[in-house]
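Understanding the architecture of this molecule
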Amino acid sequence: MQNSSICRILFLLKLLSEKDYTKKELIAEFERIGIKVSSASINSYINKLKQNKIDIKINKKKNENVYHFQRQPMQFDLSDNEIAVIQDIKKLLFAQKNYNKIRKVIRLFCKLIFVARGDELRSNLLDFGYYSSLNWSLVRTLEKHCKNKDVILIDYILPEGKNKKLIIHADDLRIGDWSNRLYLWGALDKSQYLSYIPVDKIFMIEKVIEKNVPFEISQNVLIYHISKKLYEEINLDKKEKLVFLDERFAIIERPLEDNFFIIQRLMSFCPDLYYISDEKIKNKVKEKLKILKASYEKEYDK
């Protein structure tokens, strides 16, 4: 069974776990989330649920079939191959970098565990790695502060385990370009530039210092030059912008945000990378190139 079919069957089961539906209503619910399904598809999904010993009753109401989920705990089961598909679906979901979609799927799977057969299946359904450990209640609160652009005082956990009070002007929540971590973006301690901190290191929000504060932020921008030949061979990512192009060079700018990702990106441009505007980033790239050079020389001398 294809990945999309499993997702649709699970979505249908989630709908029926909430209330009874006619076939037309089920089709409308799928359309509401941007998925077109036919009457035959609904029949196929219902049959698959029945094959997995999930009791779906069909009742008559005003000459229409009404589907009813007869709740019987511990009846839903998946084969090893289907469980593997579920894990693949999660990986594809993580790759989209949309934490809101991930949250919705977690909610769906939390409902499915009540009809799942066995601890191993329930454990597989609930295992979302890093996202299983997130404090989603805190995420909801941070979303409100980001929407309102509030200045908040947070209790932050330092790498060595100690706690520190931080003031941040909340702006946005985003998954990192180079990792699956969720970050809170904002201006720290009245800084003129945006920065970010991992949400999983926020112990709690102590208080709201100021509500609805407009942003007056100067965004740090990184400029780098690469060869025209390389520019024609690569695709700029969504944050990169071409500002100049001639017969020899392409000048590109991007927000100076995720330093780790940026350094990896610039490393991939070598040896066609000629200029980096930020000294700190430039020194990091040079340092990594020296390490690589030493590693190759050591390997060559063997």
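A brief structural summary. (Residues numbered from 1 in each chain as written. Predicted model: local features only at pLDDT ≥ 70, side-chain atom pairs only at ≥ 80, totals over all residues. Heavy atoms only, no water.)

The next point concerns the pairing of strand β7 (residues 195-198). As paired elements, strand β6 (residues 182-188) and β7 share 4 bridges and run antiparallel to each other. Bridged to Trp-185 within β7 is Tyr-196. As consecutive antiparallel partners, β6 and β7 are separated by 6 residues, and within that stretch Asp-189 has a phi angle of approximately 45°, a positive value. (Pairing = 2+ DSSP bridges. Helix = DSSP H or I, 4+ residues; strand = E, 2+ residues; numbered from the N terminus.)

Our focus in this paragraph is helix α5 (residues 99-112). Here α5 is 14 residues long and its end C-alpha atoms lie 20 Å apart, about the 20 Å a rise of 1.5 Å per residue gives. Taken together, the buried positions of α5 are Tyr-99, Ile-102, Arg-103, Ile-106, Leu-108, Phe-109 and Leu-112. The residue sitting at the N-terminus of α5 and contributing the capping side-chain oxygen is Asn-98; that oxygen lies 3.0 Å from the backbone nitrogen of Asn-100. (Expected span 1.5 Å × (residues − 1). Buried < 20%, exposed > 50% of the residue type's maximum accessible area, 1.4 Å probe, protein only. Polar contact = N/O pair within 3.5 Å; in protein donor to acceptor, adjacent residues only side chain to side chain.)

For the structure on display, the rule yields 18 salt bridges. The shortest N-O distance in the salt bridge between Glu-18 and Lys-14 comes to 3.3 Å. One salt bridge connects Arg-174 with Asp-172, and the closest N-O pair in it is separated by 3.1 Å. Using a relative accessible area of 23% as the deciding quantity, one classes Arg-174 as partly exposed. (Salt bridge = Lys/Arg side-chain N within 4 Å of Asp/Glu carboxyl O.)

Strand order in the open sheet formed by 5 strands is β7-β6-β5-β4-β8, and the pairing between neighbours is antiparallel. Bordering the open sheet on either side are β7 and β8 (202-210), each of which pairs with just one other strand. With strand direction ignored, the average angle separating the axes of adjacent strands in the sheet is 50°. (Axes fitted to C-alpha atoms, helices over the stretch in contact; angles between N-to-C directions.)

Turning our eyes to something else, we now look at the environment of Ser-132. In this structure, Ser-132 sits in the loop between α6 (119-126) and α7 (136-148). Each C-alpha atom of the pair Ser-132 and Lys-57 lies 34 Å from the other, and the pair is 75 residues apart in sequence.

The next subject is the sheet that holds strand β1 (residues 21-22). Spatially, β1-β3-β2 is the arrangement adopted by the 3 strands of the open sheet, whose pairing is antiparallel. The two strands at the open ends of the sheet, each matched to only one other strand, are β1 and β2 (56-61). Examined bridge by bridge, β2 and strand β3 (residues 64-69) share 6 bridges and lie antiparallel to one another. Across the sheet, residue Asn-59 finds its bridge partner in β3, namely Val-66. Packed onto the sheet, helix α3 (residues 39-51) meets β2 and β3 and runs at close to 135° relative to β2. (Contact = heavy atoms within 4.5 Å.)

Looking now at helix α4 (residues 80-95). The first and last C-alpha atoms of α4 sit 23 Å apart over 16 residues, in line with the 22 Å expected at 1.5 Å per residue. All buried positions along α4 are accounted for by Glu-82, Ile-83, Val-85, Ile-86, Ile-89, Lys-90, Leu-93 and Phe-94. Positioned one or two residues after α4, Lys-97 has a phi angle of 60°, which is positive.

Residues Cys-270 and Pro-271 are joined by a peptide bond in cis, for which omega reads 10°. Looking at the element boundaries, Pro-271 is found in the loop between α9 (259-269) and β12 (273-276). You will see that Lys-149, though not glycine, has its phi angle at about 60°, which is positive. Looking at the element boundaries, Lys-149 is found in the loop between α7 and β4 (151-157). At Asn-212, a residue that is not glycine, the phi angle is positive and equals roughly 50°. Considering the arrangement of structural elements, one finds Asn-212 in the loop between β8 and β9 (221-227). You can call Asn-212 exposed: its relative accessible area is 53%.

To continue, consider the packing of aromatic side chains. Tallying each qualifying case throughout the model produces 10 aromatic pairs. Between Tyr-224 and Phe-269, the ring centres sit 6.0 Å apart and the planes meet at 40°, which makes this aromatic pair tilted. Highlighted residues: Tyr-224 in strand β9 and Phe-269 in helix α9, separated in sequence by 45 residues. The burial state of Tyr-224 is the same as that of Phe-269; both residues are buried. Ring-pair connections join several aromatic residues into one group, and the members of that group are Phe-94, Phe-109, Phe-128, Tyr-130 and Tyr-131. Between Lys-90 and the ring centre of Phe-128, over which it is positioned, the NZ or CZ distance is 4.5 Å. (Phe/Tyr/Trp six-rings, centres within 6.5 Å; stacked < 30°, edge-to-face > 60°. Lys NZ or Arg CZ within 6 Å of the ring centre and 35° of its normal.)

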